[in-house]
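# Structural features, examined
This is what each chain is made of:
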Amino acid sequence: MTRLPVLVDTDPGLDDALAILLVLAHPGFALRGVTTLAGNIGLERTTANAGALLALAGRHDVPLHAGAGAPLMRAGVDEAAIHGADGLGGVALPVPVPARTGSAVHFLAEMLRAEPAGSLTLLCLGPLTNLAHLIRTAPDAARRIGRVVAMGGTIREPGNVGPMSEFNLAFDPEAADAVLRAALDLTLVPLDATRRVRASRDTVASLLAVASPLGQKAGEIIRAYFLDAATRESRPLHDPCVPLLLLRPDLFPAQTLRLRVDLSEGPDAGRLHVDPAGHPVRVALGADGEAALTLLVESLR
Ligand code: RIB
Ligand code: CA
């Protein structure tokens, strides 16, 4: 299997953490760098959490760079309720790999200029603020990105911030707008797909029973994901759908839609509108949730 060279931009966050563990565990990925930003929780915590996950996998070789501490223009949205005060539901992790000097955007630009054009895939697991900064300050580098796969938005599913708005895009609508305008090879994985990939308490038990430390930690992370939702039968695995789609695109039926980002101030901020005048984006509108969950668990075994 050839390893796909990937960069991960993330705001861990419990589901981000699962996605990062999958990228670290699966032989199909060559992780070339991790960049962080504020989103689920503040930048200091998301960066420490990303560093702790790299330390868990013994990956001190992977460059880690901190990025945006706030959205381009707006005040953020506080989601600590879901991900806990430390952003990872109190799950124990090793001392983090420290972030390296230099901003996320500087690191991304240098890496993209150094690597062959089109060779790197960017996995966006949080708000799109870092990518928007890259597009604005280093457009030549942004054009060298092979493809972007981003968890974000909702098309027909109800939102998780506003009635029809999803957290990553609602956190920084202007960033999402800049990314859609940049005409990158962008695939969006919205709630329409991610809500179909659901972990149950059986998933927790399966992962806690595997031999690999990464798999066991994934079990602890999903268990923590239930702490705030003790009455729920299952929990949606939003961010893991991004690496899962790269491994098995056939599990995520997609269409090209012309989309516009709502830049209003109200509850529709960050909402995606299907609009003939919008920008063409590949959108995963569904998922074979059972097969995707099996792939996640088997990859972490
Ligand atoms: O709406 C789901 C997204 O918001 C995920 O990336 C999750 O980590 C939260 O940031
Ligand atoms: Ca996230």
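Residues numbered from 1 in each chain as written. Chains lettered and ligands numbered in written order. Predicted model: local features only at pLDDT ≥ 70, side-chain atom pairs only at ≥ 80, totals over all residues. Heavy atoms only, no water.

## Quick look at the pattern of salt bridges
Stated precisely, the cut-off is as follows: Salt bridge, as applied in this entry: a Lys or Arg side-chain nitrogen positioned within 4 Å of an Asp or Glu carboxyl oxygen. Three exposure classes are used, based on accessible area relative to the maximum for each residue type with a 1.4 Å probe and protein chains only: buried under 20%, partly exposed in between, and exposed over 50%.
This structure, assessed with the given rule, holds 13 salt bridges. Note that Arg-301 and Glu-298 form a salt bridge whose closest N and O atoms lie 3.2 Å from each other. Residue Arg-301 is classed as partly exposed on the basis of its relative accessible area of 48%. Shared partners join several salt bridges into a network, and the residues in it are Arg-74, Glu-174 and Glu-265.

## Some remarks on unusual backbone geometry
This is how the line gets drawn: Helical segments are the DSSP runs of H or I of at least four residues, strand segments are the runs of E of at least two, and each set is numbered from the N terminus.
Residue Gly-13 follows Pro-12 across a cis peptide bond; omega there is -25°. Following the sequence through the fold, Gly-13 ends up in the loop between strand E1 (4–10) and helix H1 (14–25). The phi torsion at Ala-183 lies on the positive side, around 55°, for a residue other than glycine. Position of Ala-183 relative to the elements: it lies in the loop between helix H8 (173–181) and strand E6 (186–189). For Ala-183, a relative accessible area of 70% gives the class exposed.

## Notes on the site of ligand 1
To keep things clear, this is the line we draw: The near set for a molecule or strand comprises every residue that places at least one heavy atom within 4 Å of it. Whenever a nitrogen or oxygen atom comes within 3.5 Å of another N or O atom, the pair is scored as a polar contact, on the condition that within protein one atom can donate a hydrogen and the other can accept it, and that pairs from neighbouring residues in sequence are kept only if both atoms are in side chains. Using a 1.4 Å probe, the Shrake-Rupley method yields the accessible areas, and only the shown protein chains count as cover for residues. Amino acids outside the nonpolar list (Ala, Val, Leu, Ile, Met, Phe, Trp, Tyr, Cys, Pro) and the charged list (Asp, Glu, Lys, Arg) are all regarded as polar, and Gly is one of them.
In the neighbourhood of ligand 1, the contacting residues comprise Asp-11, Asp-15, Asp-16, Asn-40, Leu-125, Met-151, Asn-160, Glu-166, Phe-167, Asn-168, His-238 and Asp-239. Contact distances for ligand 1 include 2.9 Å between an oxygen atom and a backbone N or O atom of Leu-125. Between ligand 1 and Asn-160, the relevant distance is 2.8 Å, taken from an oxygen atom to a side-chain nitrogen or oxygen of the residue. Summarising the interface, the protein chains cover 96% of the accessible area of ligand 1, which totals 270 Å² for the free molecule. At the level of secondary structure, the elements contributing two or more residues to the shell around ligand 1 comprise H1 and helix H7 (167–171). Looking at the shell around ligand 1 residue by residue, the class counts come to three nonpolar, four polar and five charged.

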